[in-house]
Amino acid sequence: MINIVVVSHSALLARGVEQLARQMMRGDGCKLALAAGVDDEEHPIGTDAVKVMEAIEAVADGDGVLVLMDLGSALLSAETALDLLDPDLAAKVRLCAAPLVEGTLAAVVAANSGASLEQVVAEAQGALQAKQAQLGEGSPAGKSAALPLAQGKSATWTVQNPHGLHARPAARLVETLAPFKAELVLEKQGQCVDPRSLNQLALLQVRHGDTIRLIADGAQADEALAAFKALAEQHFGETVSERQQPSLHGIPVAESVTSGPVFQAHSFWPPTADRRIGADEVLGEQQRLREALQHTLSDLNRLAERTGTLIGKPQAAIFGAHSMLLDDPDLQQAAYTRIAQQLCCAEQAWRQVLEAIAEEYRELDDDYMRARELDVRDMLRRTLCHLQGLPLPAIALAEPSILVMDELMPSEVVMLDNGAVLGICLSGGNALSHSAILAKAMGIPMVVGMQDCLSKTRSGQKAMLDAARGVLQLSH
């Protein structure tokens, strides 16, 4: 084990460095001795070579001693102390020009992990690299090197510590991985570093929400990955309280707060049914579409009745407007003509006609009217289901939950069970859509535009939805 001596003009400064360093140490780690200030109450600032010598002797039972100094006479006192020491002990001592605070922390972590004196010196001397990299200073050599493994197993973790892998959790990672006989690389977004170096971990700048991957190869690769996973699940030695849990942000629709388990669902679309038809099939395809449109109009009438009873007549008018659009003779004729001229099936013709209308809505300057494209796609999906003989989509929750989806059609919202849906989070959506208007009228908290809500949640996960701020707070 390599032990450390801190030499400073100020005893107060040295004790502060010691306090920081001891937060990096666990159990029977390296020894840390101080040689700081002078014994003069009126003028306590200074260094004493005898104190430095005594501090080195106090930690001389290790494999080596690293001495870090602040400035000026601290260096002179350390050099004098070497001359005063027994030559055999002096040969085990290295004076290091590393910055006092950063160098001491890096040296302590390296020493605790069982590094040699040369390795501890190298870590201390490289302690400013991360700060220089973050501030855009220094040479490219200060950047972390690419250390790809030709082969190996890996384990991935999304960091949930509120301040990422700062000094303390990084030190725990270094300490945990140090004993294993394996080649290890930690990767974040293509950047690779040595996870057994505090400086390299600092260069990686792992923040809250970042995904890191440990790649391991060698005799103890499996053991190293298991230790990494166990430490990660303990948040690298930190307590992550519920208030510190990861949160997702979107656009609020209704001002209310709710909590419960997450229920993930995905929008259903009928499979593509593009196919060519013969001239003798045109009338049959047109009739298929005509019947599907009638079924869809009947659905819309039932939805309007349900909405009127459940919410009110103003909201029921949403589906009345759908019916008017769908029952437009010119719209229907455009699809019948497309079937005849392009010899395409009813599904393809109807989809092309309605997708063109939806695109026209999306290109409008008015935000409210632009949101109507969802209504068009709602009708399209329903008609395609009837054309293909598929059941209409329904969302059934096993227990009261926060519904997390990519998007939600207006017709789906009014069919939700108010008692089962505690809130709604959508990765897409629009706060001015009829889906949002209906959810608000039904008293269901809703947030739209929460881009990562599907990828960063799982069904059954506990969560709190603050729809007033547009925040989904997640537990583990």
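Residues numbered from 1 in each chain as written. Predicted model: local features only at pLDDT ≥ 70, side-chain atom pairs only at ≥ 80, totals over all residues. Heavy atoms only, no water.

Asks: Please set out the nonpolar core residue by residue, giving values where relevant.
Replies: Soluble globular proteins tend to pack their nonpolar side chains together in the buried interior. In this structure, L66 and F228 are the most contacted members of the largest nonpolar core, which totals 58 residues. Considering every element that reaches this core, the biggest residue donor is helix 5 (residues 100-112), with eight residues. Non-local contacts of L66, meaning those with residues more than four positions away in its chain, are made with I2, N3, I4, V5, R94, C96, A107, L117, V120, V121 and A124. If you look at the next biggest cluster of nonpolar residues, it comprises 50 residues, including V376, L387, M405 and L426. (Core = buried A, V, L, I, M, F, W, Y, C linked by side-chain atoms within 4.5 Å. Buried < 20%, exposed > 50% of the residue type's maximum accessible area, 1.4 Å probe, protein only. Helix = DSSP H or I, 4+ residues; strand = E, 2+ residues; numbered from the N terminus. Contact = heavy atoms within 4.5 Å.)

Asks: Lay out the sheet that holds strand 2 (residues 32-36) with the relevant residues and their values.
Replies: Reading across from one edge, 2-1-3-4 is the order of the four strands in this open sheet, with parallel pairing throughout. Two strands bound the open sheet, and with one partner strand each, they are strand 2 and strand 4 (93-96). Going across the sheet, the axis of each strand differs from the next one's by a mean of 20°, ignoring polarity. Alignment of strand 3 (residues 64-69) against strand 4, held across four bridges, turns out to be parallel. Its bridge partner lying in strand 4, L68 is registered against C96. (Pairing = 2+ DSSP bridges. Axes fitted to C-alpha atoms, helices over the stretch in contact; angles between N-to-C directions.)

Asks: Requested: an account of the packing of helix 14 (residues 346-362) against helix 16 (residues 373-388), with residues and values cited.
Replies: Two elements in contact, helix 14 and helix 16, have axes separated by 9 Å at closest approach and are oriented at 175°. It follows that helix 14 is roughly antiparallel to helix 16 by the angle criterion. Contacts from A346, E347, W350, R351, L354, E355, I357, A358, Y361 and R362 of helix 14 reach helix 16 at E373, V376, R377, M379, L380, T383, L384, L387 and Q388. Split into classes, the residues belonging to the contact of helix 14 with helix 16 amount to 11 nonpolar, two polar and six charged. (Parallel < 35°, antiparallel > 145°, perpendicular 65-115°, else oblique. Nonpolar A, V, L, I, M, F, W, Y, C, P; charged D, E, K, R; others polar.)

Asks: Quick one: what's the story with the pattern of salt bridges, residue by residue and with numbers?
Replies: In the structure shown here, the tally under the stated rule is 25 salt bridges. We note a salt bridge from E118 to R94, for which the minimum N-O separation is 2.7 Å. With E118 in helix 6 (residues 117-125) and R94 in strand 4, this pair connects stretches of sequence that are 24 residues apart. On the basis of relative accessible area, E118 is assigned to the exposed category, the value being 51%. Residue classification places R94 among the partly exposed positions, given a relative accessible area of 28%. One connected set of salt bridges, linked through shared partners, spans E359, R362, E373, R377 and E407. (Salt bridge = Lys/Arg side-chain N within 4 Å of Asp/Glu carboxyl O.)

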